[in-house]
Amino acid sequence: MTILSDALAVAGKDLRIEARSRVTLGQILPFGVLVLLLFAFALDPQSRLLPNVAPGLFWIAVLLAAVLAVSRSFAVESEHGARDALRLSGIDGASVFLGKAGAIVLELLALEVVLLIGTFGLYNVNVRGLEVLIPTAVAATCGIAATGTVYGILAAGLRVRETLVPLLVLPVTAPVLLGATRAFDDALTGSTGDAWPWVQLLVVFAAVYVTAGIVAFESLLEEA
Amino acid sequence: MSAQSRSVWQTALGAVAALAVGATVVMALFVVPADGGRDAFVRGTGQGDAYRLLFLHVPSAWLAYLAFGVTALASLLWLFPRTRALHWDLLAGASAELGVIFTGLTLALGSLWGKPIWGQWWAWDARLTTTAVLFFLYLGYLALRRVGGSPEQRAMRSSIAALIAFADVPIVHFSVSWWTTLHQDGSVFNAKMQIHIQDTSMQATLLLGVAAFTVLYAYLVLRRVQLLAVEEGLAERELEAAIAQRVAAAGARPREAVSI
């Protein structure tokens, strides 16, 4: 399958850039943890509120970090004519999409592990129901990364990229925030059975936007 | 159709829209009876006069959804190679602008209505929340349209963005209604919220309102598309003038150099 091997090549390129430049590790990851810390300041750590609202705060932190990760992913393409090189490489748009979205998925999943440890430590949350947490996180992250990548290429190369990407990505991913928060809440409170419909919703969301990205990316890469 | 007869038709359409909206206002304020009687709101048997907002609220919500539907359809027509023409892109943009305006109006009217009936400006009702997300979805779309580039680039970018946003609408609605059924306590939706639209004058007024707003939409979207086309022509002419000026300036410079 050339589509998949090309996608792996693109993802490998993005992850190698991150491994060398350390922007994700050194800036986006601390930003996510910082958001968790700021929520605790805002909601007063004395109260019993934090464990109850932890799932929502966790996913808001992930979404904010995802916006940065998407911007970063397309910032590396805008320098030194990298995007033209990508276009001329003969790699299909679908592969570029899958590769870039895949790299973002891996970055975000790593971030989520750290943030989950953070909520465990900072918000006094008892982490349990991993059999729900993991599928939820994977499905939600695929959806976020797919929408982010499509909007990232839409806004790539624009002067207003940094301000436009959040306005585009955050409303579209509102169902992900809802679904993932509810599923996490159900898992953490022990009612895992209630979580599965939400996981299904997240899977549908991810499927819709991964398909949209595969179909639309070639034209966006060419024209936009 | 000549330009003159077209403008006559347009003026007529505008006049019909104005008349229909005016008739809706008269019907809604003076003709239809209050819900459950004049003092129904005090007695708790109905909404009284408050429900009259329905005749603006429902048509503007309908218009918002119609406008976003037209945006999606026009974007699809632009993406489809055999029907690709820039006027579809202008239609998509004009329709989305109207959609955002009427979504905003729907939210504002809904809040005004919610205060007396629900006792709060904003209830986390499924439809309300979906409409709010919709507002921001298309605000982003409009922002994307304004970022510059050639008309073809803009059309490609925005048509795909419009379809992405449109695909999100059912998912948002589904997730939000699911979310609210889990969380909503029934107190907000008490008996006062029910309106009894059995009166024929109420039904007729609601239909009239929907028809009036639809004609208004047709008129506004037509004028907006024309304005966008004129703006596009102006930008093109300015660009040509600027190029001509540069060429003239470049041609003039060597001669000046010789003269010195």
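So, how was this worked out
- Per chain, residue numbering runs from 1 following the sequence as it is written.
- Following the order in which they are written, the chains are lettered starting with A and the ligands numbered starting with 1.
- The predicted origin of the model limits local features to residues at a pLDDT of at least 70 and limits the giving and counting of side-chain atom pairs to 80 or more, whereas totals for whole chains, interfaces and linings rest on all residues.
- No hydrogens and no water enter the side-chain calculation; it runs on all heavy atoms of the structure.
- Here a helix means four or more residues in a row that DSSP labels H or I, a strand means two or more in a row labelled E, and each is numbered from the N terminus.
- Only protein chains enter the calculation, and the probe is 1.4 Å; a residue is then buried if its accessible area is under 20% of its type maximum, exposed if over 50%, and partly exposed in between.
- Areas reported here follow the Shrake-Rupley algorithm with a probe of radius 1.4 Å; residue values treat only the protein chains shown as occluding.
- Salt bridge criterion: a side-chain nitrogen from Lys or Arg within 4 Å of a carboxyl oxygen from Asp or Glu.
- By definition, no residue in a patch forms a salt bridge, and every one has over 30% relative accessible area; like charges are joined within 9 Å, nonpolar side chains (Val, Leu, Ile, Met, Phe, Trp, Tyr) within 5 Å.
- Aromatic rings from Phe, Tyr and Trp, with only the six-membered ring used for Trp, were paired whenever their centres fell within 6.5 Å, and each pair was classed as stacked if the ring planes differed by under 30 degrees, edge-to-face if by over 60, and tilted otherwise.
- Pairs of N or O atoms within 3.5 Å make up the polar contacts considered here, provided that, within protein, one atom can donate a hydrogen while the other can accept it, and that residues adjacent in sequence are counted only when both atoms are side-chain atoms.
- Think of a 1 Å grid over the protein atoms and nothing else: a 1.4 Å probe that fits but is trapped marks a cavity, an open set flanked by protein within 12 Å on at least five of seven lines marks a pocket, and residues with an atom within 4 Å of a point count as lining.
- Grid points are joined across faces, edges and corners, and a volume is the space filled by probe spheres set on the points.
- We call two residues in contact when some of their heavy atoms are within 4.5 Å.
- By definition, the buried area sums, over both parts, the 1.4 Å-probe accessible area that each loses when the two are put together.
- Amino acid classes used here: Ala, Val, Leu, Ile, Met, Phe, Trp, Tyr, Cys and Pro are nonpolar; Asp, Glu, Lys and Arg are charged; the rest, including Gly, are polar.
- Summary of the metric used: pLDDT quantifies the predictor's per-residue confidence within the range 0 to 100.
- By this rule the span expected of a helix is its residue count minus one, scaled by 1.5 Å.

This next bit is on the overall build of chain B. A count of helices and strands for chain B gives seven helices and zero strands. In chain B, the order of α-helices and β-strands from amino to carboxyl end is α-α-α-α-α-α-α. Looking at chain B as a whole, 38% of its 260 residues are labelled buried. Approximately 13,900 Å² of chain B is accessible, and the part contributed by carbon and sulfur atoms is 68%.

The next thing to look at is the pattern of salt bridges. For side chains bearing opposite charge, pairing can occur when the charged atoms are close. All names here are of chain A. Scanning all chains against the criterion turns up 11 salt bridges over all chains. A salt bridge links E18 to R72; the shortest N-O distance between them is 3.1 Å. On the criterion of sequence distance, the pair formed by E18 in helix α1 (residues 2-21) and R72 in helix α3 (residues 49-78) is long-range, its members being 54 residues apart. A relative accessible area of 18% places R72 in the buried class. Among the salt bridges present, the one from E77 reaches K100, with a minimum N-O distance of 2.5 Å. One end of the pair, E77, is in helix α3; the other, K100, is in helix α5 (residues 93-122), and 23 residues separate them in sequence. It is possible to trace a salt-bridge network through shared partners that takes in K13, D14, E77 and K100.

For the rest of this paragraph, the subject is a nonpolar patch on the surface. Residue and element names in this part refer to chain A. The grouping of L34, L37, L38, F41 and L122 at the surface amounts to a nonpolar patch, some 460 Å² of accessible area in total. Looking at the nonpolar patch element by element, the count peaks at four residues for helix α2 (residues 23-42). On the secondary structure map, L34 appears in helix α2. A relative accessible area of 42% places L34 in the partly exposed class.

The next point concerns the packing of aromatic side chains. Considering all chains together, one arrives at nine aromatic pairs over all chains under this definition. With centroids separated by 5.2 Å and ring planes inclined at 70°, the aromatic side chains of W59 of chain A and F184 of chain A adopt a geometry described as edge-to-face. One end of the pair, W59 of chain A, is in helix α3; the other, F184 of chain A, is in helix α8 (residues 174-188), and 125 residues separate them in sequence. The exposure class of W59 of chain A is buried, given its relative accessible area of 1%. In this structure F184 of chain A comes out as buried when scored by relative accessible area, which is 3%. Aromatic side chains F102 of chain B and F213 of chain B sit 5.9 Å apart centroid to centroid with 75° between the ring planes, which places their arrangement in the edge-to-face category. Of the two residues, F102 of chain B is situated in helix α4 (residues 86-118) and F213 of chain B in helix α7 (residues 200-259); the sequence distance between them amounts to 111 residues. Residue classification places F213 of chain B among the buried residues on the basis of a relative accessible area of 6%. Every member of this aromatic cluster is reached through a ring pair, and the members are F58, W59 and F184 of chain A.

Residues and elements named next belong to chain A. Among the residues examined, E18 registers a relative accessible area of 10% and is labelled buried. The spacing of E18 and E107 is 89 residues in sequence and 9.1 Å in space, taken between C-alpha atoms. A distance of 3.1 Å separates a polar atom in the side chain of E18 from a polar atom in the side chain of R72.

Empty pockets left among the atoms are what a rolling probe the size of a water molecule brings to light. All names here are of chain A. Applying the stated criterion across every chain yields a total of two cavities of 30 Å³ or more. Computed from the structure, the largest cavity encloses a volume of approximately 50 Å³. In terms of lining, the largest cavity is formed by D14, E18, A69, R72, S73, V76, A103, I104 and E107. Looking at the lining of the largest cavity, the elements with two or more residues in it are α1, α3 and α5. Element by element, the count of residues in the lining of the largest cavity is highest for α3, at four residues.

Looking now at the interface of chain B and chain A. Contact residues are listed per partner, giving 28 residues for chain B and 25 residues for chain A. In total, about 2,400 Å² of surface goes out of reach between chain B and chain A, with carbon and sulfur atoms giving 80% of it. Taken together, the connections running from chain B to chain A amount to zero salt bridges. At the boundary of chain B and chain A, one finds two residue pairs in polar contact (both at pLDDT 80 or more). Elements represented by at least two residues in the side of chain B that touches chain A include exactly α5 (126-145) and α6 (151-183) of chain B. Here the side of chain B that touches chain A is built from residues that sort into 21 nonpolar, four polar and three charged.

To continue, consider the confidence of the model for chain B. All names here are of chain B. Within chain B, residue pLDDT values average 82, and 84% of them lie at 70 or more. The secondary-structure element of chain B with the lowest mean pLDDT is helix α2 (residues 40-43), recorded at 62, while helix α3 (residues 54-79) shows the highest, at 91. For residues 184-193, every residue scores under 50 in pLDDT, and the model assigns this stretch 15 contacts once sequence neighbours within four places are set aside.

This part covers unusual backbone geometry. Residue and element names in this part refer to chain A. With phi around 60°, R22 is a residue other than glycine that occupies positive phi space. At N124, a residue that is not glycine, the phi angle is positive and equals roughly 60°. N124 gets classed as exposed once you look at its relative accessible area, which sits at 64%.

Here we take up α1 of chain A. Structurally, the α-helix is built with 3.6 residues per turn, so residues lying three or four positions apart point the same way. With 20 residues, α1 of chain A extends 28 Å between its outermost C-alpha atoms, agreeing within 8% with the 28 Å of an ideal straight helix rising 1.5 Å per residue. Elements in contact with the buried residues of α1 of chain A: α2, α3 and α5 of chain A.

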